[in-house]
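Structural overview
Here is what each chain is made of, one letter per residue.
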Amino acid sequence: MSFIPGQPVTAVVQRIEICKLRQCDNLILGFSIGGGIDQDPGQNPFSEDKTDKVNGWDMTMVTHDQARKRLTKKNEDVVRLLVTRKSLEDAVRNAMV
């Protein structure tokens, strides 16, 4: 995804709702968390998937630890994600040709 600073950005997003698994007193998310503004994007095999929001909170400029804390909050049984996926953008772009 490329953009020009100061210009509007158009993105194809996907809404995802995840119900955490309850195991005794623990809530399990069910996937690993990678990325964050303090991480090397080359080390994340899913770096083309960007989590824009988690339960309404902007995640575009957070560290890995901030993202992990937001996703694993103990008092939230459901996580609602807004995700930008390059594969979705490519599919929409190809459908318009």
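Predicted model only: the values in this text are computed from it and were never measured.

About the thresholds
Residues numbered from 1 in each chain as written. Predicted model: local features only at pLDDT ≥ 70, side-chain atom pairs only at ≥ 80, totals over all residues. Heavy atoms only, no water. pLDDT = per-residue confidence, 0-100. Helix = DSSP H or I, 4+ residues; strand = E, 2+ residues; numbered from the N terminus. Pairing = 2+ DSSP bridges. Core = buried A, V, L, I, M, F, W, Y, C linked by side-chain atoms within 4.5 Å. Buried < 20%, exposed > 50% of the residue type's maximum accessible area, 1.4 Å probe, protein only. Contact = heavy atoms within 4.5 Å.

1. Quick word on the confidence of the model for the protein
- Averaged over every residue, the pLDDT of the protein is 81; the share at 70 or more is 87%.
- Ranking the helices and strands of the protein by mean pLDDT puts strand β5 (residues 57-58) first, with 92, and helix α2 (residues 86-95) last, with 72.

2. Description of the pairing of strand β4 (residues 49-54)
- Where β4 and strand β6 (residues 78-85) come together, five bridges link them in antiparallel fashion. For D49, the partnering residue across the bridge sits in β6 and is R85.
- As paired elements, β4 and β5 share two bridges and run antiparallel to each other. Paired with K53 across the bridge in β5 is D58.
- In this antiparallel pair of consecutive strands, β4 and β5, the connection spans two residues, and N55 shows a positive phi of 50°.

3. Examining the nonpolar core
- The biggest cluster of nonpolar side chains holds ten residues, and these are I18, L29, V54, M59, V62, A67, L71, V79, L81 and V83.
- Here the element with the most residues in this core is β6; it accounts for three residues.
- Contacts of V79, omitting those with residues within four sequence positions, involve I16, E17, I18, K20, L29, V54, N55 and L71.

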